[in-house]
Amino acid sequence: MDWTAPRHCAFMALCLLRTAAAADCPIVIDPPTVVVRYGDPSSANCTATRTTRGMGWEASVGSIDMQTGPQSLVWSVSNLTDWAVEPKCYANFDTEPKQCLKKLNILLYKYPDSVSISYNPAGALEEGMPYVQQCEVQSIAPAQNLSVNWYRFGVVIHRETFSTASSTGPVTVYPNLVITPNRTDDGAQYSCEIEMNLGPGGPQPNPVIKSKIIVTTVLYKPVLKDPHVEHVLVKHGVEDEYLTCSASGNPAPRYEWKFPPGLPNDQQPQSEERGTQLHLSPVFPGEYVCNATNSYGTASKTFVVSVEEGRSRTTFWAILGSGIAVTVVLVVGYLIHRRAGENSII
């Protein structure tokens, strides 16, 4: 077959079967692989290492018909937008291999239209329930060797790389990360980013595109700052005491107090500071229970209040009288003893 008219070959596949293997083909393409952004110009030079009868480029864009005489031929396009382009440089020789070709490898890439992160389902999260964190990458090419990083407060918590070949042209991908939030995630900032690994011929460092940050809302039952039973000893005569009950929760908890049995209605204390504080005036001993409640549960704290016993006025005077009596006895005894001593000397 004469390659002087390759475009007139009725069956290109049969034509290719008659060519020499690429390893034996005395053709060099420089560079052998081009990495080009969608819409940018691209070119490569094909050089024969032996004298040719003719050379040309077969391509869906930028093709060059067979030309006689040249030892090199440049394929070029000013605006590469064909995702399926596979340029092939071919040549005819007087000696074996009389016909051969080599393909120029092209990696055509496109930055994504957008990168965004969201929850599925959307909205606030319930503590302890699994949720899908979705990083949507809109219209990217190629998706092969695409790396996705997930961040929490700017620290990488997960990394995933797509290594399988994707379809030709831009695709939208939805990398997912399953998380089970707890109360420490309430207000946490999450984001995702993609890294395009385009190889040594591509932009360096690898292009990175980040999503905006999303702030997570986690719904959880109330948690007391100090859940232990608290014993409160009030000094005798003190008429005011405050009991403080504080809890976190989402939604914010409401507070309800239970009083000791037997507390007169007219002495029931009033809560203050949105219910977190109970003002005892006067102080009535017994158990006071604080219940912090929201739509996800209740947390309770118990306060045991006791009043220090005071001494009565009668007891005070009895002790004072006893002290005076002992003092008088000691003084009288001392005087008698002294006088007896003086009489014995005379």
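Structure first, text after, so check above.
Residues numbered from 1 in each chain as written. Predicted model: local features only at pLDDT ≥ 70, side-chain atom pairs only at ≥ 80, totals over all residues. Heavy atoms only, no water.

A. Structural detail: the nonpolar core. Among the nonpolar cores identified, the biggest contains 24 residues, and Tyr119, Cys135, Val137, Trp150, Tyr190, Ile194 and Met196 are the most heavily contacted of them. Discounting residues that sit within four places of it in the chain, Ile194 has contacts with Pro112, Val115, Val137, Ile140, Leu146, Ser147, Val148, Pro207, Val208 and Ile209. Counting residues in hydrophobic clusters, the runner-up holds 23 residues, among them Trp57, Cys89, Ala91 and Cys100. (Core = buried A, V, L, I, M, F, W, Y, C linked by side-chain atoms within 4.5 Å. Buried < 20%, exposed > 50% of the residue type's maximum accessible area, 1.4 Å probe, protein only. Contact = heavy atoms within 4.5 Å.)

B. Looking closely at the sheet that holds strand S1 (residues 27-30). Ordered in space as S1-S3-S6, the three strands form an open sheet in which the pairing is antiparallel. Each end of this open sheet is capped by a strand with a single partner; those strands are S1 and strand S6 (72-77). When the angles between neighbouring strand axes are averaged without regard to direction, this sheet yields 20°. Of the strand pairs in this sheet, S1 and strand S3 (residues 42-48) are connected by four bridges, and their pairing is antiparallel. Residue pairing across strands places Ile29 opposite Cys46, the latter belonging to S3. (Pairing = 2+ DSSP bridges. Helix = DSSP H or I, 4+ residues; strand = E, 2+ residues; numbered from the N terminus. Axes fitted to C-alpha atoms, helices over the stretch in contact; angles between N-to-C directions.)

C. Representation of the pairing of strand S14 (residues 155-162) in the model. Across seven bridges, the pairing between strand S13 (residues 146-152) and S14 is antiparallel. Bridge pairing links Ser147 to Thr161 in S14. The loop that links S13 with its antiparallel partner S14 comprises two residues; one of these, Phe153, has a positive phi angle of about 55°.

D. Structural context of the packing of aromatic side chains. Enumeration according to the criterion identifies five aromatic pairs in this entry. Here Trp257 and Phe303 contribute two aromatic rings whose centre-to-centre distance is 5.7 Å and whose plane-to-plane angle is 35°, an arrangement assigned as tilted. You can see Trp257 sitting in strand S24 (residues 254-258) and its partner Phe303 sitting in strand S28 (residues 297-307), a full 46 residues away along the chain. Across the pair, exposure class does not vary: Trp257 and Phe303 are buried alike. An angle of 65° between the planes, with centres 6.3 Å apart, marks the rings of Phe259 and Tyr288 as edge-to-face. Of this pair, Phe259 sits in the loop between S24 and strand S25 (270-272) while Tyr288 sits in strand S27 (residues 286-294), and the two are 29 residues apart along the sequence. The exposure class of Phe259 is partly exposed, given its relative accessible area of 25%. (Phe/Tyr/Trp six-rings, centres within 6.5 Å; stacked < 30°, edge-to-face > 60°.)

E. Quick peek at unusual backbone geometry. Along the chain, Glu96 connects to Pro97 via a cis peptide bond; the corresponding omega equals -10°. A cis geometry characterises the amide bond from Gln204 onward to Pro205, with omega recorded as -5°. By the element assignment, Pro205 lies in the loop between strand S17 (189-196) and strand S18 (208-210). Although it is not a glycine, Asn145 adopts a positive phi angle of roughly 60°. Taking the relative accessible area as the measure of exposure, Asn145 reaches 32% and is therefore partly exposed. If you check the backbone angles, Phe153 has positive phi at about 55° while not being a glycine. Residue placement: Phe153 occurs in the loop between S13 and S14. Look at Phe153 and you get partly exposed, because its relative accessible area is 47%.

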